[in-house]
Amino acid sequence: MRGQGAAARPEHRDALPVTDPAETPRRRPQQRKQVLLRLDPHVYDALARWAGDELRSANAQIEFLLRRALADAGRLPKETGPLPRRGRPPASDVSEP
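Computed from a predicted model, the values in this text were never measured in an experiment. (Residues numbered from 1 in each chain as written. Predicted model: local features only at pLDDT ≥ 70, side-chain atom pairs only at ≥ 80, totals over all residues. Heavy atoms only, no water.)

### Overview of the overall build of the chain
Part 1: The helix and strand inventory of the chain stands at two helices and zero strands.
Part 2: Looking at the chain as a whole, 6% of its 97 residues qualify as buried.
Part 3: Counting every atom, the chain has about 10,200 Å² of accessible surface; 54% of that belongs to carbon and sulfur. (Helix = DSSP H or I, 4+ residues; strand = E, 2+ residues; numbered from the N terminus. Buried < 20%, exposed > 50% of the residue type's maximum accessible area, 1.4 Å probe, protein only. Areas by Shrake-Rupley, 256 points an atom, 1.4 Å probe, with all protein chains shown as cover.)

### Some remarks on the layout of surface pockets
Part 1: Taken as a whole, the largest pocket spans an internal volume of roughly 920 Å³.
Part 2: In terms of lining, the largest pocket is formed by 22 residues, of which the most central are Arg-32, Lys-33, Val-35, Glu-63 and Arg-67.
Part 3: If you tally residues by element for the lining of the largest pocket, the top one is helix H2 (residues 58–72), at seven residues.
Part 4: Among the residues forming the lining of the largest pocket, the class breakdown is 11 nonpolar, six polar and five charged.
Part 5: Of the pockets and cavities examined, the second largest pocket occupies roughly 260 Å³.
Part 6: Lining the second largest pocket we find Arg-32, Leu-55, Arg-56, Ser-57, Asn-59, Ala-60, Glu-63, Phe-64, Leu-83, Pro-84, Arg-85 and Arg-86.
Part 7: In terms of residue class, the lining of the second largest pocket is built from five nonpolar, two polar and five charged. (1 Å grid on protein atoms, 1.4 Å probe; cavity = no way out; pocket = protein on both sides within 12 Å on 5 of 7 lines; lining within 4 Å. Points joined across faces, edges and corners; volume = space filled by probe spheres on them. Nonpolar A, V, L, I, M, F, W, Y, C, P; charged D, E, K, R; others polar.)

In short, geometric facts, not functional conclusions.
In structure tokens:
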């Protein structure tokens with residue numbers, strides 16, 4: 001509890017600005033889930049080699065395979081977005097200063 005003290009300084013006397021709901025920023029995309037996955041070392045090595053052959057990380061290869069299996073089974077949710085593109089953007093997307 002605050003004791004008796006001096007009045008608030010002038011910068012604290014103004015009301016907070018009210019923002020227009022139309023000016024509020026868009027919602028951020030949902031964060032990606034992190035999952036701990038235990039694999040047999042031989043399975044991981046094979047997966048990592050396969051991922052390297054397709055220029056993916058092991059994590060991206062796992063997600064690619066899971067999405068493909070879900071789609072084949074008819075269980076991939078319709079609201080699922082595309083696989084995120086990683087790495088450097090194409091030269092045509094880079095803006096010139």
